[in-house]
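Secondary and tertiary structure notes
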Amino acid sequence: MKRAPIPLAAFVVDPDGTILRWSRACEQVTGYTAEQVRGWTVERLLAFESPRHEALSILSRADTASLAKLARADGGTLPVRVTVSPEALDQAGGPTYSMVMLPVEPLPQHPAVIRELPIGDIIEDLPCVFYVIDESGCLVFWNHQLEEALQRTPEELRTTEVKYFYPEEVRDEIGQYLTAAFEQGESTHEADLVGKYGRRATYMFHCCRTHLAGKPCVFGTGLDISARKQVEHGLRVRERALYSSVNAIVITICEDGENLIEYVNPAFEQITGYTLAEIKGRDPRFMRVEGCDEHEHKRIHDAIKRKESVRSILRNARKNGEIFWNDLRIDPVTTVDGAVTHFVAVISDITEARHYERRLHHLAHHDPLTGLANRTLLLDRLKFAVDFSLRHRVLGALAFLDLDNFKHINDNFGHDAGDAVLREIAERLRVNMREDDLVARIGGDEFVLLIHDQPSVAHVTDLLERVRRSVGTPVLVGGREIVPGTSIGVSLFPNDGNTVDRVMRAADAAMYHAKALGKNNIQFYSAEMAQAMHQHLMLQASLSRAIRNDEMVLGFQPKVDLRSGKVIGAEALVRWQRPEHGLIQPDNFIPVAEETGLIVPLGEWVIQEACRTLRSLNAAGAKDFVISVNLSARQLRQRQFAKRLAATLARYQVPAGQLELEVTESQLMDNPADAKDALVQLKELGVHLSIDDFGTGYSSLSHLRKFPVDYIKIDRSFLTDLQADDHAVIPRAIIALGHSLKLQVVAEGVETQEQLAFLRDHDCDQMQGYYFSPAVPSDQLEDMIRCDTRLLA
C-alpha cells in the first residue's frame, strides 16, 4: 500500500528574507495567497524555536534543518521543519534562497523524553546507538550513545539531516538505505559515523519502518564494530601472508586425538605436489619416508603429544616420490582457556641448501683434484687414531708418500699430464687401502696414508711395498707412458709419537730420509733419523744466516687487470740465493722458517723491500701501483705488527693503500676472532687485504662476511681441466661469491689461453701467472710499467 505524499511547501526569498515567490502548496498550508505575502519578510510568518535559528541567520546555513512555527491565515500555527538551499541569481544578479517547509507533528524532541515511554530505560541502556528518523531524513528520537558517537548536542542532532553524520563519499548510498527501509520495511548496512570533532567509528546498522503519531518513520540500532573490523583486517592481512608465503604452511585440527590437515597454502602445493583437495582430512605423516629420521619423528610425536612447539630437520617425500629436506617448525594454537585446537607447521624446503652444504663440506675436507681427504680431514682422523691406539694398545701407521721427479713430469709432459698422473696415483692408493683407512693429498705431489689397527710392523711393510709397486706402474697419458715413483716415510704410533705433531714429524723425517737414500723406497722412522734431523737443523741455521747476510732476493709477479690488460700491481715472492746451492724456491725453506719463527724477520725484510720498490716506482710516476706481500700466521698474531708496519710505511714514505697483505684461509679460521681483530687494525691503517688460496681451506661464509678483506684469490689448483663441468663449477662459484660480497677476485697460476678466456667470460677481475709473466726483478718490473706492457686480448 502506497503512503500519501508528504505535504511540502516551498518559497523563494532574497538575502534580506523578503519573499519573492510563493508556491501553491504554501497557499494551501498557510491560507495566504501569493498576492497577500508579496513584500513580506520571513520573520512575519516563521517563529524559530532556537534564538540562533533566526530567519536571516539560517540563510547562511544551507542544507541545515531548523524547527519553527508557521503562522496561518486562520490565526493558528503549524509546527514545521524548514530547510534552506541556495538558488540561482535573480534578475538583478543577486542571490536567492529556496526555503522548504515540512509540517511535523509535535512529537517529543529530546532524548530525555524517551524515558517517558514504556521501554525508555531499555533504549537508554542499550549497548548500541538507537534512533528514529522521519521521512525528511532527520532524527526524531535517539539515545545518549548516539550523542557520544557524533559528539553533538541534542539541538544539533535535531536540526541536522542524518546523511551529514556520514562521510561525504557515502551520503548518497546512505539515502538509498533509508529509502529502502521506508519502501521495503527494513534495511541493513555498514558505515562510518563521523563525530563533530573527528571521532570516527564503523557501525553495523539495522533499521525497520514503523509509524509514530500516524507518521511513517524508521527506527533502528547501530552497533560499533570498529574493533571487529580491525580484527577482520588483521585476519585478511595474515591470510594474505599465509597465502603469499614462500614457505609451505600446514594447519591441522585436533580431533579425537588425531591431527588432520585443514589447510595448506600454495607454497605447500608447489613444494610437495599435493593439492589441498587431495590431502584435506589426512594426517600429515603420510609424507614421511619410512626408515629415515626416525629419531626426529619421535621428537615431533612426543612434542605434539605434550602440546608443545618443536623444530626439526628431516626428510619427506613429494607426490612424485622425490625425497626432499625440510626445516620444520610446529606450533600449537590455543584458545583463551588454554585448550589446543590446531597446530600450525611451517616447512622450508632446504634441499638445495643441504646439497650445497654437503658440497662445501666435501670441498673443505677433500682435495679438489683427486677427491682424496685434505690436510684438515687428515689431522682430524689422525688425532682419533692416535688416541685410539693409546687407549687400546694397538699399532697404527702414518705413511708420507712423495712422488719422485714429479717436477720433471710437469716440465716435460705439461701440467695437464701431471694432473692426470696425480689422479691415477690417487685411485691406485684408494684401491690398495682398506675402507677404514684414509688416503689424503696434502700438497702438490704429497700423499699420506693413515693405517689403523695393524697386527705387526711386518704387515705394515707388506702393505706399503704393495703400494709402492702399484704407484710405480706406468701411467698412460695421451698415448705416452709416464713412469712415476714414490719415496715413502713411515712412523708408527704410539711407538714413534703419542701426539699428532710428533707422528707427523716422524713420518716427514722418514720420507726425507727415503729421498736422501735414492728415492723410490720405504723408510721407517728410527734413531738413524737423527742424522737427517741434524741436517734439518743445519738448514735452519743456514736460513738464519741467509736472512742476516742478505742472501734473500725478491721477485715481483705482475698482476693484470683483466678488463684493460694493464699491469696494476705485483706479488712479492721471496727466493734464497744460497751460495753453495744456487737459487732455492720458497717451498724448500718457508716451512722451516715457519717452524722456527724465522718467518718473522724474513717477513719484515720482504715488507721493507716491497716498500723500497714502491718508493722507487712512485718516484718514476707509478703512484697507484700496488704490491702484495704474503703474511705469515706468526706475523698476523704479533701484537705490535700493525704499529711496526705503520712505521715502515712512514719511513719509506709509501701510502698504505699501495701495500696489500695476503693471508690464507687456514690462518683466518685457526682463531677467527683474533684474526678479525688483527685485520681490523691493518684495515684501519689503510692497507689492502686479501685471502690467498681461497677455497683450499674451510672457511665459514658467516665469518668471511665479517673479515674486512678487499680481495680473494682463486688457488691455481681450481683452474685445471676447466672443460669438465665439475672442475669449472668451483672457480665460477668463487667469482660469484666474491662479487656478491663486493670483493675483487684475483686468479693466480694462470698458464693457458683457455684459463684466461674462462676467467674473462666469468668476469674475474685480475690475474697473475706464467701466461703473462713470471716473477721479475724490481728493475724489470719498473721497465714493464714504464713501457705500459699489457696483456693482449
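Residues numbered from 1 in each chain as written. Predicted model: local features only at pLDDT ≥ 70, side-chain atom pairs only at ≥ 80, totals over all residues. Heavy atoms only, no water.

Moving on, we come to the overall build of the chain. On a plain count of helices and strands, the chain comes out with 28 helices and 32 strands. The C-alpha atoms of the chain give a radius of gyration of 47 Å, which is well past the 28 Å a tight globule of 793 residues would have. Per-residue burial over the chain gives 47% buried out of 793 residues. The long-range fraction of contacts in the chain, counting pairs at least 24 apart against all pairs at least 6 apart in sequence, stands at 56%. (Helix = DSSP H or I, 4+ residues; strand = E, 2+ residues; numbered from the N terminus. Rg over C-alpha atoms; globule rule 2.2 N^0.38 Å. Buried < 20%, exposed > 50% of the residue type's maximum accessible area, 1.4 Å probe, protein only. Contact = heavy atoms within 4.5 Å.)

Right, let's talk about the sheet that holds strand 16 (residues 340-349) for a bit. As summarised here, the arrangement of the five strands in space is 13-12-16-15-14, forming an open sheet in which the pairing is antiparallel. Strands with a single pairing partner mark the edges of an open sheet, and in this sheet they are strand 13 (258-264) and strand 14 (310-317). Across the sheet, the mean angle from the axis of one strand to that of its neighbour is 35°, orientation sign disregarded. As defined by bridge partners, strand 12 (residues 248-255) adjoins strand 16 across six bridges and the pair is classed as antiparallel. Within strand 16, the residue paired with Ala-248 across the bridge is Ile-347. Relative to strand 14, helix 11 (residues 294-305) is tilted by about 130°, and along the sheet it contacts strand 13, strand 14, strand 15 (323-334) and strand 16. (Pairing = 2+ DSSP bridges. Axes fitted to C-alpha atoms, helices over the stretch in contact; angles between N-to-C directions.)

Per the stated rule, a full pass over the model turns up 41 salt bridges. With a shortest N-O distance of 3.6 Å, Glu-751 and Arg-716 are connected by a salt bridge. Of this pair, Glu-751 sits in the loop between strand 31 (744-748) and helix 27 (753-761) while Arg-716 sits in the loop between strand 30 (711-714) and helix 26 (725-740), and the two are 35 residues apart along the sequence. Assessed through its relative accessible area of 44%, Arg-716 is described here as partly exposed. A single network of salt bridges, built from pairs that share partners, joins Lys-559, Glu-571, Glu-660, Glu-662, Lys-713 and Glu-748. (Salt bridge = Lys/Arg side-chain N within 4 Å of Asp/Glu carboxyl O.)

The next point concerns the sheet that holds strand 22 (residues 485-493). The strand order across the open sheet built from five strands is 18-19-17-22-23, with neighbouring strands paired in mixed fashion. Each of the sheet's edge strands pairs with one partner strand only, and the pair in question is strand 18 (438-441) and strand 23 (522-524). Neighbour to neighbour, the strand axes of the sheet diverge by 20° on average, direction disregarded. Together, strand 17 (395-404), strand 22 and strand 23 form the strand contacts of helix 17 (residues 500-516), whose direction differs from that of strand 22 by roughly 145°.

In terms of nonpolar packing, the biggest core is built from 82 residues, with Met-552, Leu-661, Leu-682 and Leu-759 touching the most fellow members. Tallying contributions element by element places helix 20 (residues 599-619) first for this core, with 10 residues. Leu-759 has contacts with Leu-562, Leu-719, Ile-735, Ala-747, Val-750, Cys-764 and Met-767, leaving out every residue within four places of it along the chain. Core analysis: the second largest hydrophobic core is formed by 32 residues, Ile-409, Leu-449, Val-467 and Val-475 among them. (Core = buried A, V, L, I, M, F, W, Y, C linked by side-chain atoms within 4.5 Å.)

Right, let's talk about the packing of aromatic side chains for a bit. Scanning the model with the defined rule gives nine aromatic pairs in all. For the ring pair Tyr-166 and Phe-205, a centre distance of 5.9 Å and an interplane angle of 70° mean the geometry is edge-to-face. Here Tyr-166 is found in the loop between helix 6 (154-158) and helix 7 (171-184), whereas its partner Phe-205 is found in strand 10 (residues 200-212), with 39 residues between them in sequence. Take Tyr-166 and Phe-205: they sit in the same class, and that class is buried. (Phe/Tyr/Trp six-rings, centres within 6.5 Å; stacked < 30°, edge-to-face > 60°.)

For the rest of this paragraph, the subject is the environment of Arg-24. Inspection of the secondary structure puts Arg-24 in helix 1 (residues 24-30). The class of Arg-24 is exposed, set by a relative accessible area of 63%. Along the chain, Arg-24 and Ser-666 lie 642 residues apart, while their C-alpha atoms are 106 Å from each other.

The buried fraction of strand 19 (residues 446-454) amounts to seven of the nine residues, a majority that puts the element mostly inside the structure. As paired elements, strand 17 and strand 19 share seven bridges and run antiparallel to each other. When the sheet's bridge partners are listed, Leu-401 is paired in strand 19 with Phe-447. Bridge analysis of strand 18 against strand 19 gives four bridges, and the strand direction is antiparallel. Paired with Leu-438 across the bridge in strand 19 is Leu-450. A loop of four residues connects strand 18 with strand 19, the two strands running antiparallel in sequence.

By the burial criterion, the buried members of helix 27 are Gln-755, Leu-756, Phe-758 and Leu-759. Buried positions in helix 27, seen along its axis, are confined to an arc of 160° and lie on one side of it. Immediately beyond the C-terminal end of helix 27, within one or two residues, lies Asp-763, with a positive phi of roughly 65°. (Arc of directions from axis to C-beta.)

All right, on to the pairing of strand 28 (residues 659-664) then. Within strand 28, five of the six residues are buried, which leaves the element mostly enclosed by the surrounding structure. Pairing analysis gives four bridges linking strand 27 (residues 626-630) to strand 28, with the strands arranged parallel. The residue bridging Ile-627 from the neighbouring strand is Leu-659, located in strand 28. With five bridges connecting them, strand 28 and strand 29 (residues 688-694) associate as parallel partners. When the sheet's bridge partners are listed, Val-663 is paired in strand 29 with Ile-691.

Looking now at unusual backbone geometry. A cis geometry characterises the amide bond from Phe-493 onward to Pro-494, with omega recorded as 10°. Turning to its location among the elements, Pro-494 is positioned in the loop between strand 22 and helix 17. Its identity is not glycine, yet Asn-520 carries a phi of approximately 50°, on the positive side. Inspection of the secondary structure assignment puts Asn-520 in the loop between helix 17 and strand 23.

This paragraph deals with helix 24 (residues 672-685). An α-helical turn contains 3.6 residues, so any two residues separated by three or four positions project in the same direction. Spanning 14 residues, helix 24 covers 20 Å between terminal C-alpha atoms, matching the ideal 20 Å at 1.5 Å per step. Those residues of helix 24 lying buried are Pro-672, Ala-675, Ala-678, Leu-679 and Leu-682. An end-on view of helix 24 places all buried positions within 130° of arc, on one side of the element. Trailing helix 24 by a residue or two, Gly-686 shows a phi angle of about 110°, which is positive. (Expected span 1.5 Å × (residues − 1).)

This part takes up the packing of helix 22 (residues 641-651) against helix 24. Interhelical geometry of helix 22 versus helix 24 gives an angle of 20° and a closest axis separation of 9 Å. As summarised for this structure, helix 22 and helix 24 are arranged roughly parallel, according to the angle between their axes. Crossing geometry of helix 22 relative to helix 24 is assigned as right-handed. Residues Phe-641, Ala-642, Leu-645, Ala-646 and Leu-649 of helix 22 lie in contact with helix 24, whose contacting residues are Gln-681, Leu-682 and Leu-685. (Parallel < 35°, antiparallel > 145°, perpendicular 65-115°, else oblique. Left-handed = near helix turned anticlockwise from the far one by under 90°.)

Bringing the packing of helix 15 (residues 415-432) against helix 16 (residues 457-471) into the picture now. Helix 16 packs onto helix 15 with a crossing angle of 150° between their chain directions and a minimal axis gap of 10 Å. Considering their axes alone, helix 15 and helix 16 lie roughly antiparallel with respect to each other. As helix 15 packs across helix 16, the resulting crossing turns out to be right-handed. Contacts between helix 15 and helix 16 pair Ile-425, Arg-428, Leu-429 and Asn-432 from the former with Leu-463, Arg-466, Val-467, Ser-470 and Val-471 from the latter. Its residues assigned to classes, the contact of helix 15 with helix 16 comprises five nonpolar, two polar and two charged. (Nonpolar A, V, L, I, M, F, W, Y, C, P; charged D, E, K, R; others polar.)

On the surface, a cluster of negative charge is contributed by Glu-255, Asp-256, Glu-258 and Glu-262. If you trace the backbone, Glu-258 turns up in strand 13. By relative accessible area, Glu-258 is classed as partly exposed at 43%. (Patch = residues over 30% accessible without salt bridge, like charges linked within 9 Å, V, L, I, M, F, W, Y side chains within 5 Å. Areas by Shrake-Rupley, 256 points an atom, 1.4 Å probe, with all protein chains shown as cover. Lys, Arg positive; Asp, Glu negative; His and termini not counted. Charge placed at Lys NZ, Arg CZ, Asp CG, Glu CD.)

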